[in-house]
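If you want the building blocks of each chain, they are given just below.
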Amino acid sequence: MTDGSIKRLKKALRAIALSTSRGLKDRQIEEELYEIRLVKKQIDSISSKKDRELILYCIDTLLEIREESNAQKLADFAKAIRGVPDIFQGNRNLYSLSDDFDAFKQKYGEEYFKSVEKIYPRFTKKAPKNALSFFNPASDDAFKKKHPIGYPFLVILGIFAFMLPMIGVLVFTLVVDESRIVSGAWIVFMLAGAIIMGIGLFNIVAAIIHQYLGHKLTIICIFGGLALIGISVFLCIDTTMAQIFKPELVSFILFSLILCIATIIYSYSWFRLGVSHYLKASKKLNGSSESKLKRGGFFKNWLLYTEIHKKVNMGAIYYLNAIYVYLFLFNTAFTLTLGLIKPLSLVICATCVLMHLMCAIMSIFAKIQNNLEDHGKPIVFFAKRSNGGIDCIFFDLLILILPFLFAYLQIAVTGDLWGINLRFF
């Protein structure tokens with residue numbers, strides 16, 4: 001189905017959804033339904049069977065309700081399904097429409113949408129346009145609300161899929177590899193490959209909640225992870241290669257990069273959620289306005305908030321974010337290109353420690369903003385969130401401690417590289 005067809009379908013559904021409030025005549029409604037019938041003829045071009053079933057169900061049910069001559073019910077159903085075309089444009093997933101579906105079912109009967117609301121994985125060739133929203137902690141709320149029993153099992157399955165390659169590496173190194181071909185720092189190299197492979201497997205599980213990031217990511221992570229594991233074994237067996245790539249330096253580079261990526265996943269993604277809450281509460285900038293200002297350049301507007309800062313003046317938060325982003329890019333490029341030069345490990349260590357300390361500040365800011373959003377006060381000793389989660393000051397302290405722990409680990413690993421014991425445990 002082409003983008004033009006999707007746009008026509010959205011336009012027609014929107015018009016029908018507003019038909020009662022705008023007083024559209026039957027002739028005008030029939031014109032919109034004619035457009036929808038034309039779109040129906042293109043359904044066979046949709047590659048996914050489940051997607052075809054979804055759009056076919058929505059169109060057929062809409063046409064059946066039209067035969068009932070109930071104008072209000074027709075408008076309500078169009079309103080319930082008008083977000084469906086966004087799924088094919090990669091802007092939403094099925095579970096985000098649950099509230100719209102439920103509102104219609106409560107009014108007209110529970111028999112509606114049963115055939116399309118079953119849990120099923122949705123795979124796509126490319127990552128959807130709203131892929132960045134999947135890293136928002138609230139992105140699972142719609143699925144969690146719809147399937148409160150199934151969600152914990154899905155979390156367990158995702159963790160298992162992510163950990164499975166690491167478990168395999170540990171079993172190999174501890175049980176299978178009796179002659180200890182792979183040892184020392186190269187185990188870290190193998191674990192890095194296992195983590196990358198685990199991301200690919202986790203991506204497959206994420207398809208169940210329609211948060212799949214595309215075939216390309218899955219293939220790159222799974223086969224890239226396997227390649228790293230294989231290369232580490234090869235470098236250990238081949239003594240010439242092992243002399244060129246010093247295990248202790250390779251281990252230092254990988255460990256530094258893993259810690260930095262961990263802060264991106266843990267602290268920085270949390271910080272960006274806090275920024276959204278800050279813009280909404282302090283700058284009166286709602287979600288749709290924020291999204292519009294982020295368009296027109298991933299690096300400039302989405303990552304650095306340039307247009308938003310011009311419009312509402314984010315103050316120190318803007319500069320804190322910009323410094324962190326540039327530090328991360330500098331550190332990653334510097335580590336990958338010059339990390340094998342031992343004296344430069346001190347520069348890498350200093351940059352990484354600075355980034356982790358900045359993440360501590362960013363984590364405090366994010367937690368205060370999230371608490372203000374959910375509870376109306378900056379510090380919460382114990383409270384329940386509207387989505388069923390729990391906020392506690394103990395969790396807040398853990399969030400603050402983790403960046404300091406990463407900073408300490410970076411210093412300790414650098415000390416090990418130079419033969420200085422800086423470990424406290």
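Summary of the structure given here. (Residues numbered from 1 in each chain as written. Predicted model: local features only at pLDDT ≥ 70, side-chain atom pairs only at ≥ 80, totals over all residues. Heavy atoms only, no water.)

## Re empty space enclosed by the protein
Move 1: Enumeration according to the criterion identifies three cavities of 30 Å³ or more in this entry.
Move 2: In this structure, the largest cavity is lined by Lys50, Glu53, Leu54, Leu94, Ser115, Val116, Lys118 and Tyr120.
Move 3: Partitioning the lining of the largest cavity into residue classes produces four nonpolar, one polar and three charged.
Move 4: Estimates place the volume of the second largest cavity at around 50 Å³.
Move 5: Around the second largest cavity sit Leu9, Leu13, Ile36, Ile55, Cys58, Ile59, Leu62, Ile81, Val84 and Pro85, which together line it.
Move 6: Sorting the residues of the lining of the second largest cavity by element identifies helix H1 (3-17), helix H4 (49-67) and helix H6 (84-88) as the ones contributing at least two each.
Move 7: Sort the elements by how many residues they give to the lining of the second largest cavity and H4 lands first, with four residues.
Move 8: Among the residues forming the lining of the second largest cavity, the class breakdown is ten nonpolar, no polar and no charged. (1 Å grid on protein atoms, 1.4 Å probe; cavity = no way out; pocket = protein on both sides within 12 Å on 5 of 7 lines; lining within 4 Å. Points joined across faces, edges and corners; volume = space filled by probe spheres on them. Nonpolar A, V, L, I, M, F, W, Y, C, P; charged D, E, K, R; others polar. Helix = DSSP H or I, 4+ residues; strand = E, 2+ residues; numbered from the N terminus.)

## Remarks on the pattern of salt bridges
Pairs can form between side chains of opposite charge whenever their charged atoms are close.
Move 1: By the definition in use, this model includes nine salt bridges.
Move 2: In this structure, Glu68 engages Lys73 in a salt bridge whose closest nitrogen and oxygen atoms are separated by 3.1 Å.
Move 3: For Glu68, a relative accessible area of 42% translates into the label partly exposed.
Move 4: Relative accessible area serves as the criterion here: at 8%, Lys73 is assigned to the buried category.
Move 5: A salt bridge links Glu307 to Lys310, with the nearest nitrogen and oxygen atoms 3.7 Å apart. Pair noted here: Glu307 and Lys310 are both in helix H16 (residues 306-312), with a separation of three residues, about one helical turn.
Move 6: The class for Lys310 is exposed, based on a relative accessible area of 59%.
Move 7: One salt-bridge network, in which partners are shared between bridges, spans Glu30, Arg37 and Arg66. (Salt bridge = Lys/Arg side-chain N within 4 Å of Asp/Glu carboxyl O. Buried < 20%, exposed > 50% of the residue type's maximum accessible area, 1.4 Å probe, protein only.)

## Describing helix H19 (residues 393-417)
Move 1: Between its first and last C-alpha atoms H19 spans 37 Å; for 25 residues at 1.5 Å apiece the expected length is 36 Å, and the two agree.
Move 2: Taken as a whole, H19 has its buried residues at Asp396, Ile399, Pro403, Phe406, Ala407, Tyr408, Gln410, Ala412, Val413, Thr414, Gly415 and Leu417. (Expected span 1.5 Å × (residues − 1).)

## Remarks on a nonpolar patch on the surface
Move 1: Nonpolar side chains collect at one region of the surface, where Ile379, Phe381, Phe382, Ile390, Phe394, Phe395, Leu397, Leu398, Ile401 and Leu405 lie side by side and expose about 1000 Å² of accessible area between them.
Move 2: No other element matches H19, which puts six residues into the nonpolar patch.
Move 3: Mapped onto the fold, Leu397 is located in helix H19.
Move 4: Overall, Leu397 belongs to the partly exposed group, its relative accessible area being 46%. (Patch = residues over 30% accessible without salt bridge, like charges linked within 9 Å, V, L, I, M, F, W, Y side chains within 5 Å. Areas by Shrake-Rupley, 256 points an atom, 1.4 Å probe, with all protein chains shown as cover.)

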